[in-house]
Amino acid sequence: MQQSLPSFLKIDDNGWLTGVRQVPSPNFNERPQSCAIDLLVIHNISLPPGQFGGGFIEKFFSNCLIPTEHSYFEEIADLQVSSHLLIDRQGEITQFVSFDQRAWHAGASEFDGRANCNDFSIGIELEGTDEEPYTEEQYECLTSVSRLLLKHYPKMSVERITGHSDIAPGRKTDPGPSFDWQKYNNMLGV
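Residues numbered from 1 in each chain as written. Predicted model: local features only at pLDDT ≥ 70, side-chain atom pairs only at ≥ 80, totals over all residues. Heavy atoms only, no water.

**Q** Can you walk me through the nonpolar core in this structure?
**A** Note that soluble globular proteins tend to have their nonpolar side chains buried in a common cluster. The biggest cluster of nonpolar side chains holds 27 residues, and the ones touching the most others in it are Leu17, Leu149 and Tyr184. Going through the elements one at a time, β3 (39–45), β4 (85–87), β9 (121–127), α3 (136–152) and α5 (181–188) are the ones with two or more residues in this core. The element that contributes the greatest number of residues to this core is α3, accounting for 6 residues. The residues touching Tyr184, leaving out its near neighbours within four places in the chain, are Leu40, Ile42, Tyr139, Leu142, Thr143, Ser146, Ile161 and Phe179. Core analysis: the second largest hydrophobic core is formed by 14 residues, Phe61, Leu65, Ile76 and Leu86 among them. (Core = buried A, V, L, I, M, F, W, Y, C linked by side-chain atoms within 4.5 Å. Buried < 20%, exposed > 50% of the residue type's maximum accessible area, 1.4 Å probe, protein only. Helix = DSSP H or I, 4+ residues; strand = E, 2+ residues; numbered from the N terminus. Contact = heavy atoms within 4.5 Å.)

Structural data, given as structure tokens:
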């Protein structure tokens, strides 16, 4: 069932999106002082790879993934990562880190000559893979949230929305060729 974004959807004074599920992750820290938030990074994730649902992404971002539940989890269970938001296949949004805090989503990265993109970016994970098309619900939610972020963070612009693969080329491939940038930009009105 698609999550209907409420008309009162907003970002509160603490950097949390109202009207969505909140599951605070321990994997964050403070942004550098006087660092403007001016980049939006789109990712994808599925756990186990290629499988959807099951709550494993939430467990992963909360450091609660049980390595014995799947052989792939043995490889990643000790990693400490997070993202600001996850949009699942049905369009349900979960927030893990305040937008005002630095989520650990980008890793070694660079955008427009600046390294450490976590310092100045917001990361949104789409439940998906590089190969499988994203759902209409995901595009609708991503577009609504993107519009809200663009309004709330004046230094962010549509030109400063990018994929993980663009800030970490050769290391990351997401959101992959299955992400329809033209469709997303059209929905944003670009």
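**Q** For this particular structure, what's the right way to read the side chain of Arg160?
**A** Along the chain, Arg160 falls in the loop between α3 and β10 (161–163). Given a relative accessible area of 14%, Arg160 falls into the buried group. A polar contact is formed between the side chain of Arg160 and the backbone oxygen of Asp38, at a distance of 2.7 Å. Those residues in contact with Arg160 that lie beyond four places of it in its chain are Asp38, Leu39, Leu40, Phe111, Asp112, Arg114, Phe120 and Lys155. (Polar contact = N/O pair within 3.5 Å; in protein donor to acceptor, adjacent residues only side chain to side chain.)

**Q** What am I meant to see in the pairing of β3 here?
**A** Along any regular strand the residues' side chains alternate between the sheet's two faces. Within β3, 7 of the 7 residues are buried, which leaves the element mostly enclosed by the surrounding structure. Both β3 and β9 contribute to a ladder of 7 bridges, which runs parallel. Along β9, the bridge assignment pairs Leu39 with Ser121. Where β3 and β10 come together, 3 bridges link them in parallel fashion. Paired with Val41 across the strands is Thr162, a residue of β10. (Pairing = 2+ DSSP bridges.)

**Q** Would you take a moment to explain unusual backbone geometry for this structure?
**A** The general pattern is negative phi for most residues beyond glycine and trans for most peptide bonds. Across the junction of Leu47 and Pro48, the peptide omega takes the value -15°, indicating a cis bond. Although it is not a glycine, Asn63 sits at a positive phi angle of roughly 60°. When you line up the elements, Asn63 lands in the loop between α1 (56–61) and α2 (71–76). Since its relative accessible area comes to 33%, Asn63 is described here as partly exposed. If you check the backbone angles, Asn116 has positive phi at about 60° while not being a glycine. Secondary-structure assignment places Asn116 in the loop between β8 (114–115) and β9.

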